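# Understanding the architecture of this molecule
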Amino acid sequence: MVIFLFLRSLTATFIASIALPISIIGTFAAMYALGFSLNNLSLMALTLAVGFVVDDAIVMLENIVRHREKGLSGYEAAVKGSREIGFTILSMTISLVAVFIPVIFMGGMLGRLLNEFALTITAAILVSGVVSLTLTPMLCSRLLKGHHGGGRLYRASEAFFDGLLWVYDTALRWCLRHRFIVLMMFFLSIWGTVHLFNLIQKDFLPAEDTGRLLVRTEASIDASYDAMMGYSAEIARLAAQDPNIAVVMSRVGASFSSANNNQGFLLLTLKPREARPEPEINKIVQNLRRKLNAVAGIRAFVLNPPSIRVGGRLSNADYQYTMQDLDLDSLYRWVGIMQQEMARLPGFQDVTTDLKIGSPAVMLDIDRDRAATLGVDARQIEQALAGAFGSRKVSTIYTSSSQYAVILEVLPEMQQSAAGLNEIYVRSSSGKLVSLNTVATQRREVAPLQVNHQGQLPAVTISFNLAPDVSLGTAIDQVRALEARIGMPPTISTSFGGTAAAFEASMANMGLLLAMAILVVYLVLGVLYESYIHPLTILSGLPAAGLGALLALMAFGMPLTLYAFVGIIVLVGIVKKNAIMMIDFALEAQRNEGKSPEEGDLRSLPHALPPDHDDHVCSPRRRAANRPRPRRRRRGPRLGITVVGGLAVSQVITLFLTPVIYLYLDKLQRMVTGTKSATAATSTERSWPLNRLSPQGFTFSCTTRRASARRRSTRRERKHSTRRR
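What counts as what
Residues numbered from 1 in each chain as written. Predicted model: local features only at pLDDT ≥ 70, side-chain atom pairs only at ≥ 80, totals over all residues. Heavy atoms only, no water. Helix = DSSP H or I, 4+ residues; strand = E, 2+ residues; numbered from the N terminus. Buried < 20%, exposed > 50% of the residue type's maximum accessible area, 1.4 Å probe, protein only. Areas by Shrake-Rupley, 256 points an atom, 1.4 Å probe, with all protein chains shown as cover. Core = buried A, V, L, I, M, F, W, Y, C linked by side-chain atoms within 4.5 Å. Contact = heavy atoms within 4.5 Å. pLDDT = per-residue confidence, 0-100. Salt bridge = Lys/Arg side-chain N within 4 Å of Asp/Glu carboxyl O. Phe/Tyr/Trp six-rings, centres within 6.5 Å; stacked < 30°, edge-to-face > 60°. Lys NZ or Arg CZ within 6 Å of the ring centre and 35° of its normal. Pairing = 2+ DSSP bridges. Axes fitted to C-alpha atoms, helices over the stretch in contact; angles between N-to-C directions.

## Some thoughts on the overall build of the chain
- Scanning the chain from N- to C-terminus turns up 21 helices and 17 strands.
- A total of 725 residues make up the chain; the buried ones form 51% of that total.
- Carbon and sulfur atoms form 59% of the exposed surface of the chain, whose accessible area is close to 34,300 Å².

Spelled out as structure tokens, the structure:
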């Protein structure tokens, strides 16, 4: 519908649209060869590829239409139009593929997540380029009719487009007369992008509605199994009363995910979104957190499990912060301080730790002198205690149909209290039995329920959740600032785990990934244009795109997530395609008509005017169709908002900024090479070498008098044309 709105021809709409299913089918073939499946990432790539696929076909179509309206036959217009625009499509295709090359070869968690996305969209771009260079010209030569005017609607829309072109032409002339102001706006967009990037909240993956929630429960250390059953039944009853919950399943006691009997969990299945009184998942979590923690004697931690789990320990919260030290006393003391301070930070919820100090323990102090006199060492005492209380397997009894493990341990009644230690005897080196009380004394104290290790060092993990309005990036910055504020000793090493660790690593790689993508695009454009100036002009619109993307995210109150960053990578390719169209038309005008850079901008850039947020060639009679905007998906709407916001801002700024940057860089190139401009030349004819648009190259010649007369004539024609309109 959008393509027809701008092309206003069913035949032209069919020619441009048929490239979409052909290119997508070709992409499916490439995905099959690579062993990919249809999943969230590959479908996201295909959704974005719809715009790229339509782009190339419309670029080719519009250039052929322009020649068809000049009176050429369908075959001649297809041959001439495709020959003229072939290099432009080739430049856009190769440079767009170059954007995703760093993503394809990137390592780490971020690389593994985006690899399938990058390869899928790269395949779609390559297939669409081939289709646009082959199928589209063939269809144009067979189906495209000459221009025969139009109806009342066509004439009305044509008048609107002509008026829009006149407005752009007038504004462009003003910008070219006040280049310094436009240049300052360019530097202001760079500053604004950097400032907003430091200001915006950052996150790894947005919380998604998977239709289920986990509730981890934890009572006091000395809670019995029967007590846990009662607590769990009460929490399950409260959860079942929630109108958003469809099914409740609960479990208590030790399991593969927990070695403690004082813990349990509930699995909550939510009703379909349309059947819930509250469709927002974050609000459901907050309501359940308040409701379930009303049960005395037990704590409930409500978790919305992520669709992609990135390592980390199993804990009572989504994010983990680990502290390590060789000195256990110092480690346990600072863990308590850090837990209390983190609980006071704004937006932190469910701050808990896996350090459970409170378990009663019996400590044995060995009298080594007496033990040595009796022929007993510490190793023998350790083996005796392990055999008595360690449930050691010593043998296996095999029968005809089954097998039974033989477990060595003392009688169950001796395991109920520390009095059983009085009945333990150790065999000395002389073969005599020595009572444990003879060589060791008992003392009671409170000890950790378990001592965790990470990397062979004692470790304690603090888990925490975040309020819906607090991003993970903000939380990490607050924790790092808290470490410095409380004066944590350097002997304690700290690190984030799971999703938080992956976020820190991805943020360090995102900037490098974006820089590498821009560098690769610059190198590819430099090879295609055999110039180091034109690629800079083409990439000059990127700061405006980044500014628009960040403004859109902040306007919707969304953080910069992995999906949003993918949108910024896509913006690099889209904005670059817009500038390629402008530069190619400006160079084409200079080559064919001997225009100066200023005249090339004024005469050619309006014909390359990309409508709205697209980047298509526009003939004097028609404007190319808009790219269908990325559909707002339930998974990762930040990507669509990022792309649309970046295009909305960059499209307006690039239309006026790219010509100004082009003139400044062209002047800089002449200063470096020592070549004078055509407009500054004397009345004698001088050569003006420009960088080549094609491998064959070209050189222009013009005189000041002819150029001045041509400019005066152009101004008079535009003035009279404006009065007639």
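## Considering the nonpolar core
- Residues Phe-100, Phe-117, Tyr-321, Met-323, Met-342 and Phe-464 are the most contacted members of the largest nonpolar core, which totals 135 residues.
- Per element, the largest residue contribution to this core is 18 residues, and it comes from helix 18 (residues 562-593).
- When neighbours within four sequence positions are excluded, Phe-117 is seen to be in contact with Leu-41, Met-44, Ala-45, Leu-48, Phe-100, Val-566 and Val-570.
- One finds Leu-213, Leu-238, Ile-245 and Leu-288 within the second-largest nonpolar core, a separate group that totals 23 residues.

## Considerations on the confidence of the model for the chain
- Across the chain, the average pLDDT comes to 78, with 83% of residues at 70 or higher.
- Across the chain, the secondary-structure element scoring lowest on mean pLDDT is strand 16 (residues 686-689), at 28, and the one scoring highest is strand 9 (residues 403-408), at 91.
- Note that residues 677-716 has pLDDT below 50 and, in this model, 69 contacts with residues that lie over four places away or in other chains.

## A word on the environment of Ala-378
- Along the chain, the position of Ala-378 falls in helix 12 (residues 378-389).
- Classification of Ala-378 as partly exposed rests on a relative accessible area of 29%.
- Measuring from C-alpha to C-alpha, the distance between Ala-378 and Arg-368 comes to 8.0 Å, with ten residues separating the pair along the chain.
- Ignoring sequence-local partners within four residues, the contact set of Ala-378 consists of Ile-366 and Arg-368.

## As for the pattern of salt bridges
- Counting across every chain of the model gives eleven salt bridges.
- Arg-66 serves as the salt-bridge partner of Glu-84, at 3.6 Å between the closest nitrogen and oxygen. Residue Glu-84 is located in helix 4 (residues 74-104), and its partner Arg-66 is located in helix 3 (residues 40-69); the two are separated by 18 residues in the primary sequence.
- With a closest N to O distance of 3.2 Å, Glu-483 and Arg-480 form a salt bridge. Of this pair, Glu-483 and Arg-480 both sit in helix 14 (residues 472-486), three residues apart, roughly one helical turn.
- It is possible to trace a salt-bridge network through shared partners that takes in Asp-209, Arg-273 and Arg-276.

## A few points about the packing of aromatic side chains
- Taken as a whole and judged by the stated rule, the model has seven aromatic pairs.
- For the ring pair Phe-160 and Phe-161, a centre distance of 5.7 Å and an interplane angle of 55 degrees mean the geometry is tilted.
- Residue Phe-160 is classed as exposed on the basis of its relative accessible area of 56%.
- Its relative accessible area of 7% is what places Phe-161 among the buried residues.
- Among the aromatic side chains, those forming a connected cluster through ring pairs are Tyr-319, Phe-348 and Phe-464.
- The lysine or arginine in question, Lys-202, covers the ring of Phe-197, its NZ or CZ lying 4.8 Å from the ring centre.

## A word on the environment of Ala-30
- With respect to the helices and strands, the residue Ala-30 is situated in helix 2 (residues 10-34).
- Classification of Ala-30 as partly exposed rests on a relative accessible area of 23%.

## Let's talk about unusual backbone geometry
- In this model, Asp-350 sits at a positive phi of 55 degrees, which is unusual for a non-glycine residue.
- Note on placement: Asp-350 falls in strand 6 (residues 348-353).
- Unusually for a residue other than glycine, Ser-391 sits at a positive phi of about 50 degrees.
- With respect to the helices, strands and loops of the structure, Ser-391 is situated in the loop between helix 12 and strand 8 (392-398).

## Concerning the sheet that holds strand 3 (residues 263-270)
- Spatially, 2-3-1-4 is the arrangement adopted by the four strands of the open sheet, whose pairing is antiparallel. Each end of this open sheet is capped by a strand with a single partner; those strands are strand 2 (245-252) and strand 4 (298-303). Sheet twist, expressed as the mean angle between neighbouring strand axes with direction ignored, is 20 degrees.
- With seven bridges connecting them, strand 2 and strand 3 associate as antiparallel partners. Within strand 3, the position partnered with Ile-245 by the bridge is Leu-270.
- Against the sheet, helix 8 (residues 225-240) makes contact with strand 1 (212-219), strand 2, strand 3 and strand 4, and its axis sits at roughly 170 degrees relative to strand 2, the strand it touches most.

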